[in-house]
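# Coordinate analysis (summary)
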Amino acid sequence: MAPQGDSEVNAVSFVLNGEEHTVSPPAVPLDMRLVDYVRYHVGLPGTKVMCREGGCGACIVVATAPDLGGGGTRTFSVQACQLLVYACANWQLETIEHLGGRKKGYHKIQQALAGFYGTQCGYCSPGMVMTMAGELGRKGTVTSGEVEGALDGNLCRCTGYRPILDAFKSLAGDGAPALKQRLADIEEAYKTTCPRTGQPCAGKLSDGTCRSQAGTTGTTAKDGTTTLGGTTTTGDALADARPSVTAGKERWFHPVSGVGVMNALKMATPQDKVLLVGGNTGAGVFKNDGPYTMFISLAQVPEMQQVNIAESPIKLGARLSLNQCIDVFRSVCEGPKAVAGYGHLKEMADHWQVVANLAVRNNGSWAGNLAMKNRHKNFPSDVFLTLAAIDAQILVANAATQQPEQHPVLEVPQLDLRGKVIVAMLLPPLPAGTRVRSYKITPRAVNAHAYVNAALRLLLGDDLTVKEAPRLLFGGLGEHFVSASNTERYLIGKRLSDVSVVREAARLLAEEATPHPDPHQGSPEYRRSLVQCLFYKMVVGVVGGSPRVRSAGDKIVRGLSSGQQSFDETPDTWPVGQPLPKIESLVQVAGEAQFADDVPLAAGELHAYFVQATQACAAIDSVDATQALAVPGVVDFVTAADIPGKNSYFAMDMFGPVKPDPVFAVDRTLYHGQPLGLIVARDRATAEAATKLVKVTYSDIKKPVVSIQEAIKKDRLELPIGWDGKPASSVVFGDQDGKGLMEKASHRVKGKMEVPSQYHFTMELMTARVMPLEDGYDVIATTQFMQETQKVVAEVLNVPANSLNLTVRRLGGGFGHKVSRCNLSACAVAVAAAKLRRPVRLFQDLRTNMSSIGWREPYYASYEVGFSDTGRLEAVAMEVYSGVGHVPNESTAVMASNIATNVYFSPSWTISPQNAILDTAANTWCRTPGHVEYIAFAENIMDHVAAELGKDPLEVREINILNIADEKQPADGGPNVFKTSILPVLKEKAMLEQRKLEVEQFNRENRWRKRGLAVTPMKYPYDYPPLRYGILVSIYEQDGTIAISHGGIEMGQGMNTKAVQVAAATMGLPMQQFIVKPTSNVTTANSTVTGGSFGSDLVCQGVKLCCERLKARLDAFKATQDPAITWPELVKKAILADVDISERYWPNTSEFPKGYTIWGGACVEVEVDVLTGMHVIRRADVVEDAG
Ligand SMILES: Cc1cc2nc3c(=O)[nH]c(=O)nc-3n(C[C@H](O)[C@H](O)[C@H](O)COP(=O)(O)OP(=O)(O)OC[C@H]3O[C@@H](n4cnc5c(N)ncnc54)[C@H](O)[C@@H]3O)c2cc1C
Ligand code: FES
Ligand code: FES
């Protein structure tokens, strides 16, 4: 039912997970997105959220909507972060919870993802699963290629795509037999899924019974198709004159005809801001276009979904999605239904296939895209460019004049579309001899806007003469440039096979195409050269050429990927070391795994949002929140003045003295984006909107220093703290007289290298929730370091440490991001909760997450190398700068320098490290912090030496790899495993010699395509610092089940699974007997940071020692009993005999395992299109000595 258009109804209905939902204001605001509705209104947190801009896929749900053009319904995946709740009228929606789960049984797609080890932290997993469910629903069956294409909008930041793609390709019609067999095995295993735990049954407990008696047997849902309840209804034609939902001045219309759309548009007053609602995906690109007062849904207007290919020109309705258009294009350009004059639509289909991502293309309309181009002239729209190139026209209805209008798409940027709606497009056939080519040059292969895009059309005679004015259209150059009209005019009547014509055309193009400077785009020079190169590509594509140049005409295409993994297995240690799905993988793929923001809202809970500085290095003259506080629902504005204790969220002094890092700015801002305070409101959207009303004035604004080079120029350098806790001016490996050796060297070169900063990009963003209690606070925070979070929150609130209860169930990725930077949100929210005495939550969005806290440290090195005629190193001297941000608290310049030599030997290797102080947020550790940079510098030095001597870079590397017979490594003195074990294997497996020849031949034969093959070694010395994790293992006397609580943080690395494997092996019990509890500062107080890959090893060691002690006690007791006693009976009797059946372990660092060195190597082959810079990784081989 609904929308009824009856203003008394004032509601919209749809079916969600088989149940009818009727939504109305004020409970559901008119601009609410579906993701917020399902997560916070319905309480279905399985659908995750990250980017809120349609780019990451975490929020994918499956929709089934009436297909008013083709009849029936169509099913597709869609981003819930874009979809407006009221746009879902008459739709059927399915979230991950309905697809499958612990209670009803896991769906085949979920089983596949878990069974193929396709999850780590699991934050992306529900979105991955729903994308596949939608695609199977849309197509019925998919090919392996379509599986790869379907995941173009789903990011995973931890697992790597190989297992995810393998999992889903096992469901593909043409999936490899080995994958299909593996899927069958997985399904077989999950047939015996435990109804209580959702885990596959792996045997009985030691007493012979199954411990899971309760619950229902799960049933596997049908493959592929969605199983949605409810019925589809059509709208009411009478509704067209009236809004279907109103809330104050805001109105929703759900017209069911074009006339209805006109009627609605006519009701708009000059004060109204109107959104014609297609897929609302435009909100993902231009976030500040709203807020709107009038929403007119186009979903129920039949003429806007019509496809007419029977007549010429072809007519396509405005509410057709990009994917629906692609299907039409493919059907008319080739095959049995091909229509004469439309062969060029293949080029269009291929181009649109790389517009946005699958879910955007599923619901985003072409008309919405053109309207975006109309409003934002800078938008490098592929849809606009390609349609304009083929002379498409649009039909526009004008509400005021009631007169239909027809316009060439090329005129879209100039049209006045106010009070109008695009109704359809007309695609004319093109005469024989027309060549259409289009290009999109992007920073990534998929899901990226173009640096420069081009759509080029030429009508050529048999002698390759340009017969009429061509279309040479380019995007990404600025709002005023679309058409290279001078060049177009020049080309008329010219022969394209004439080299001088091509040269002159390229010259003219460079003259008229003048890209605007834009820091988000490539440099203007690069983009201008792209314009010329893309024209050249087209010419070569059309005219052909010698075999050597012909590759210029082709596009780089990423073929179907495949991957293989092999490793040694040691069954005698199993379950330790046994390859198993993670114990949480099924709950992860079903959206049942709880992350910080999935914790249900408490009564009276408030939401916070940061107010951030828009000026760096400025005096704050005033902060006026009056207007924000007047917004209904806003409760307070919290600032530094409300902090009862210290205004700093950093206290990690284990490496030496630290400097304060303020929670909220006071007097002066230190960096752009620094939090000035928190708006606290009844809901997140209100809090976010109100922050924009806080007025801040600044004075004495200084230009911030944001790059290392600037910091060097301004002498904003400090010595970093060395391993001895004192400032270190140098680190030397080998001979101390590096200078002397350098002077004596046969060759010397100087160079420099920069490794820029990097956003950590955890899929789960920073989240904190603090709840006041009678004796303190409950703190939930996305922290890798609970002890530090406890410390700084206590200091900020000025409360004792024991008044804080911290719990971490899991993190959706950590990567160092959540070691210390998480404490900004934890401390800020704690201040608000303490002030208001109410629970307060802050779930940061991508923008604030990226701008309020620091990233990976950028690095810069300048170096001098002395070397022999053969390329052997004689001395290396490096000045290394780490861009630490405004305080040097987490510099890695010295800490990581132990890796500087990588696998190489130089008689002397001198490093002079410096911290560069920047006016940015304090940077922090990220995935092998500093080490990656130091290895990159060492490898760059190898390449530099090779280039200088004109030698093969691998040869130079091999010469410098330590000779274990007579030399020792500077760092640990052990044998060089890379040389003895890794490189030979890599050479053989990667077929290095053979492929080198192939690459050389390819490069000789292709002028505009080049391949490169590189071998990169890795050495990572690993030793255990004094990191301590408490362990508590408790056996329950009731049934003998066991709970493990450890002080590590599970963030996708599989720590919990490993802990259970170790516990099961030590106790001699099945893994199903164990469960791992959330990390808590009560059971495992004072545990240190989980990071640097130390956590799993040390937690497992602690669990082992704990379990050994428990087992020893129980074995001793068992010796006094009947040998046939079952485990539960034993436990019951033991406790009655005063045997303690819990055990706690606190590490003694002297018991830590011995450190070791991790060795690895990679061989990667890359192909690059020299004309554009687009590239593809053709093959990567990685060999690692994993222990
Ligand atoms: C992550 C992401 C990546 C993207 N990448 C690309 C890309 O690579 N290349 C590219 O070209 N585009 C890209 N886009 C843009 C995408 O193609 C558009 O967002 C989509 O086509 C808009 O369609 P919609 O139906 O969702 O429009 P909506 O978001 O619903 O509407 C957008 C605007 O169009 C207006 N409008 C909608 N329908 C009509 C109509 N019939 N008549 C008049 N005005 C109308 C609305 O009022 C609104 O102002 C990307 C988008 C996202 C979110
Ligand atoms: S795509 Fe919706 S949250 Fe990222
Ligand atoms: S498992 Fe994909 S983001 Fe962590």
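Residues numbered from 1 in each chain as written. Chains lettered and ligands numbered in written order. Predicted model: local features only at pLDDT ≥ 70, side-chain atom pairs only at ≥ 80, totals over all residues. Heavy atoms only, no water.

### Let's talk about empty space enclosed by the protein
For clarity, the cut-off: Space inside and on the surface of the protein is sampled on a 1 Å grid over the protein atoms alone, with a cavity defined as a set of points where a 1.4 Å probe fits but cannot get out and a pocket as an open set with protein on both sides within 12 Å along at least 5 of 7 lines; lining residues have an atom within 4 Å of a point. Grid points are joined across faces, edges and corners, and a volume is the space filled by probe spheres set on the points. The nonpolar class holds Ala, Val, Leu, Ile, Met, Phe, Trp, Tyr, Cys and Pro. Asp, Glu, Lys and Arg form the charged class, and all remaining residues, Gly among them, are polar.
What the rule picks out here adds up to eight cavities of 30 Å³ or more. Looking at the largest cavity, its volume works out to about 100 Å³. Lining the largest cavity, in full, are Ala65, Pro66, Arg74, Phe76, Trp91, Ala299, Gln305, Arg319, Gln324 and Asn363. The class makeup of the residues in the lining of the largest cavity is five nonpolar, three polar and two charged.

### Section: the UniProt feature "binding site: [2Fe-2S] cluster 2" (unreviewed entry) in the protein
How we decide: UniProt positions are given in the numbering used here, feature names are shortened, and annotations may be inferred rather than shown by experiment. Working definition: helices are DSSP H or I runs of at least four residues, strands are E runs of at least two. Numbering for both runs from the N terminus. Relative accessibility decides the category of a residue: with a 1.4 Å probe and only protein chains considered, values under 20% of the type maximum give buried, values over 50% give exposed, and everything between is partly exposed. Only heavy atoms enter the contact rule, under which two residues are in contact if any of them lie within 4.5 Å.
The UniProt record marks Cys121, Cys124, Cys156 and Cys158 with the feature "binding site: [2Fe-2S] cluster 2" (unreviewed entry), using the residue numbering of this structure. For this annotated set, covering 38 residues, all C-alpha atoms fall within 9.4 Å of each other, a compact arrangement in space. Relative to the elements of secondary structure, Cys156 occurs in the loop between helix 5 (144-150) and helix 6 (161-169). Classification of Cys156 as buried rests on a relative accessible area of 8%. If near-sequence neighbours (up to four positions away) are discounted, Cys156 is found in contact with Cys124, Met128, Tyr161 and Ile164. Residue placement: Cys158 occurs in the loop between helix 5 and helix 6. Residues within four places of Cys158 in sequence aside, it is in contact with Gln120, Cys121, Phe815 and Arg927.

### So, the packing of helix 26 (residues 931-949) against helix 27 (residues 953-960)
Worth spelling out the cut-off: Whenever a helix is involved, its axis is fitted only over the stretch in contact; in every case the axis is a line through C-alpha atoms, and angles between N-to-C directions fall within 0 to 180 degrees. Handedness of each helix crossing follows the sense of rotation of the near helix against the far helix: counterclockwise by less than a right angle gives left-handed, clockwise gives right-handed.
One can describe the packing of helix 26 onto helix 27 by two numbers: an axis separation of 8 Å at closest approach and a directional angle of 115°. Crossing geometry of helix 26 relative to helix 27 is assigned as right-handed. For the pair helix 26 and helix 27, contact is made by Glu939, Met942, Asp943, Val945 and Ala946 and by Pro953, Val956, Arg957 and Asn960, respectively. In the contact of helix 26 with helix 27, the residues fall into five nonpolar, one polar and three charged.

### Quick word on the confidence of the model for the protein
Put simply, the rule reads: As a per-residue measure, pLDDT reflects the predictor's confidence and takes values from 0 up to 100.
Here the protein shows a mean pLDDT of 92. Residues at 70 or above account for 94%. This model gives residues 1-7 a pLDDT under 50, and the stretch forms 28 contacts once residues within four places in sequence are excluded. Low pLDDT, under 50, characterises residues 201-239; the stretch is placed with 84 contacts to residues that sit more than four places away or in other chains.

### Points about the UniProt feature "binding site: FAD" (unreviewed entry) in the protein
Where we set the bar: Two N or O atoms form a polar contact when they lie within 3.5 Å of each other; inside protein one atom must be a possible hydrogen donor and the other a possible acceptor, and for residues adjacent in sequence the pair counts only when both atoms belong to side chains.
Under the UniProt annotation, "binding site: FAD" (unreviewed entry) lies at Ser365, Trp366, Ala367, Gly368, Asn369 and Lys440. Here Ser365 lies in the loop between helix 12 (358-363) and helix 13 (366-375). Those residues within four positions of Ser365 in sequence are excluded, and the remaining contacts are Ala318, Arg319, Leu320, Ser321 and Leu322. Here Gly368 takes part through its backbone nitrogen, which lies 3.0 Å from a polar atom of the side chain of Ser365. The topology assignment puts Ala367 in helix 13. Note on Ala367: relative accessible area 9%, which makes it buried. Ignoring anything within four residues of it in the chain, the contact list for Ala367 reads Ala318 and Ile422.

### So, the packing of helix 3 (residues 108-115) against helix 4 (residues 125-139)
Counted only if it meets this: Should an angle lie under 35 degrees it is considered roughly parallel, over 145 roughly antiparallel, and from 65 to 115 roughly perpendicular; all remaining angles are considered oblique.
Relative orientation of the contacting elements helix 3 and helix 4 amounts to 135°, with a least axis distance of 10 Å. Judged by the angle between their axes, helix 3 and helix 4 are oblique. Crossing angle aside, the handedness with which helix 3 passes helix 4 is right-handed. Across the interface between the two elements, Ile109, Gln110 and Leu113 from helix 3 touch Ser125, Met128, Val129, Met132, Ala133 and Leu136 from helix 4.

### With respect to the site of ligand 1
What counts is decided by this rule: The rule for a residue being near a molecule or strand is that one of its heavy atoms must lie within 4 Å of it. Reported accessibility uses the Shrake-Rupley method at a 1.4 Å probe radius. Residues are deemed covered only where the shown protein chains occlude them.
By nearness alone, 34 residues border ligand 1, and Thr281, Gly282, Ser365, Asp382 and Lys440 come closest of all. Here an oxygen atom of ligand 1 sits 2.9 Å away from a polar atom, N or O, in the side chain of Asn369. A distance of 2.7 Å separates a nitrogen atom of ligand 1 from a polar side-chain atom of Asp382. Relative to its unbound accessible surface of 970 Å², ligand 1 loses 95% to contact with the protein.

### Observations concerning the pattern of salt bridges
Where charged atoms of side chains with opposite charge meet at close range, the side chains can pair. Note the cut-off: For salt bridges, the criterion is a side-chain nitrogen of Lys or Arg within 4 Å of an Asp or Glu carboxyl oxygen.
Summed over the entire model, instances satisfying the criterion amount to 62 salt bridges. Note that Lys659 is salt-bridged to Glu718, the shortest N-O span being 3.4 Å. One end of the pair, Lys659, is in the loop between strand 20 (634-638) and strand 21 (675-681); the other, Glu718, is in strand 23 (residues 717-718), with 59 residues separating them in the sequence. Its relative accessible area of 29% is what places Glu718 among the partly exposed residues. Asp845 is paired through a salt bridge with Arg684; the nearest N and O atoms lie 3.8 Å apart. In this pair, Asp845 is assigned in the loop between strand 29 (840-843) and helix 25 (846-852) and Arg684 in helix 20 (residues 684-691), connecting sequence segments 161 residues apart. With respect to class, Asp845 is no different from Arg684; both count as buried.

### Thoughts on the pairing of strand 34 (residues 1031-1035)
Using the following cut-off: By the convention used here, strands pair only if DSSP detects at least 2 bridges between them.
Taking burial as the measure, the five residues of strand 34 include four buried ones, the bulk of the element. As judged from the four bridges shared by strand 34 and strand 38 (residues 1142-1145), these two strands associate in the antiparallel manner. The residue bridging Ile1031 from the neighbouring strand is Tyr1145, located in strand 38.

### Quick look at the sheet that holds strand 39 (residues 1156-1169)
Across the sheet, three strands lie side by side as 33-39-40; this open sheet has antiparallel pairing. Two strands bound the open sheet, and with one partner strand each, they are strand 33 (1009-1022) and strand 40 (1175-1185). Here the average twist between neighbouring strands, direction ignored, is 15°. Pairing geometry for strand 39 and strand 40, over 10 bridges, is antiparallel. Bridging from a neighbouring strand, Glu1165 pairs with Arg1179 of strand 40. Across the face of the sheet, helix 29 (residues 992-1005) comes into contact with strand 33, strand 39 and strand 40 while running at roughly 145° to strand 33.

### Some remarks on the nonpolar core
Stated formally: In this description, a nonpolar core means a group of buried Ala, Val, Leu, Ile, Met, Phe, Trp, Tyr and Cys residues linked to one another through side-chain atoms lying within 4.5 Å.
Core analysis: the largest hydrophobic core is formed by 93 residues, its most contacted members being Trp909 and Tyr934. Among residues more than four places away in sequence, those in contact with Trp909 are Val731, Val732, Phe733, Leu873, Val876, Met878, Ala900, Thr901, Tyr904 and Ala938.

### Notes on the pairing of strand 28 (residues 804-808)
What counts is decided by this rule: Throughout, right-handed denotes a crossover for which the path from the first strand over the helix to the second runs clockwise when the strands point away from the viewer.
Here strand 28 shows a buried face lined by Leu804, Leu806 and Val808 and an unburied face lined by Asn805 and Thr807. Here strand 27 (residues 776-781) runs beside strand 28; their pairing, made up of four bridges, is parallel. Bridge pairing in strand 28 links Tyr777 to Leu804. Regarding topology, helix 23 (residues 786-797) serves as the crossover connection from strand 27 to the parallel strand 28, and that connection is right-handed. As judged from the two bridges shared by strand 28 and strand 37 (residues 1079-1080), these two strands associate in the antiparallel manner. Following the sheet pairing, Thr807 is matched in strand 37 by Ser1080.

### Concerning the state of the cysteines
The condition is simple: Two cysteine sulfur atoms form a disulfide, by the criterion used here, when they sit within 2.5 Å.
Taken as a whole and judged by the stated rule, the model has zero disulfides. Sulfur of Cys822: no disulfide; nearest cysteine sulfur belongs to Cys827 and is 8.8 Å away. Classification of Cys822 as buried rests on a relative accessible area of 0%.

### Examining the packing of aromatic side chains
Definition in use: Each Phe, Tyr or Trp ring, with Trp reduced to its six-membered ring, pairs with another whose centre is within 6.5 Å; inter-plane angles below 30 degrees give stacked pairs, above 60 give edge-to-face pairs, and intermediate values give tilted ones.
Going through the model one piece at a time under the given rule, you end up with 21 aromatic pairs. Here the aromatic rings of Tyr86 and Trp252 are separated by 6.0 Å at their centres, their planes lie at 35°, and the arrangement is tilted. Linking Tyr86 in the loop between strand 4 (73-79) and strand 5 (92-94) with Trp252 in strand 7 (residues 250-253), this pair joins segments that are 166 residues apart in sequence. By relative accessible area, which is 0% here, Tyr86 ends up buried. Classification of Trp252 by relative accessible area gives buried; the value is 0%.

### Brief notes about helix 24 (residues 822-836)
As a reminder, the rule being used: By this rule, a helix spans an expected 1.5 Å times one less than how many residues it contains.
In this model helix 24 runs 22 Å from its N-terminal to its C-terminal C-alpha over 15 residues, within 8% of the 21 Å that 1.5 Å per residue would give. A large share of helix 24 lies buried, amounting to 14 of its 15 residues. Within two residues after helix 24, Arg837 carries a phi angle of roughly 55°, on the positive side.

### Things to note about the sheet that holds strand 17 (residues 471-475)
Taken in spatial order, the three strands make up an open sheet running 15-16-17, and their pairing is antiparallel. A single partner strand is all that each edge strand has here, and the edge strands are strand 15 (434-441) and strand 17. Across the sheet, the mean angle from the axis of one strand to that of its neighbour is 5°, orientation sign disregarded. Strands strand 15, strand 16 (452-459) and strand 17 of the sheet are contacted by helix 17 (residues 524-543), whose axis makes an angle of about 145° with strand 15.

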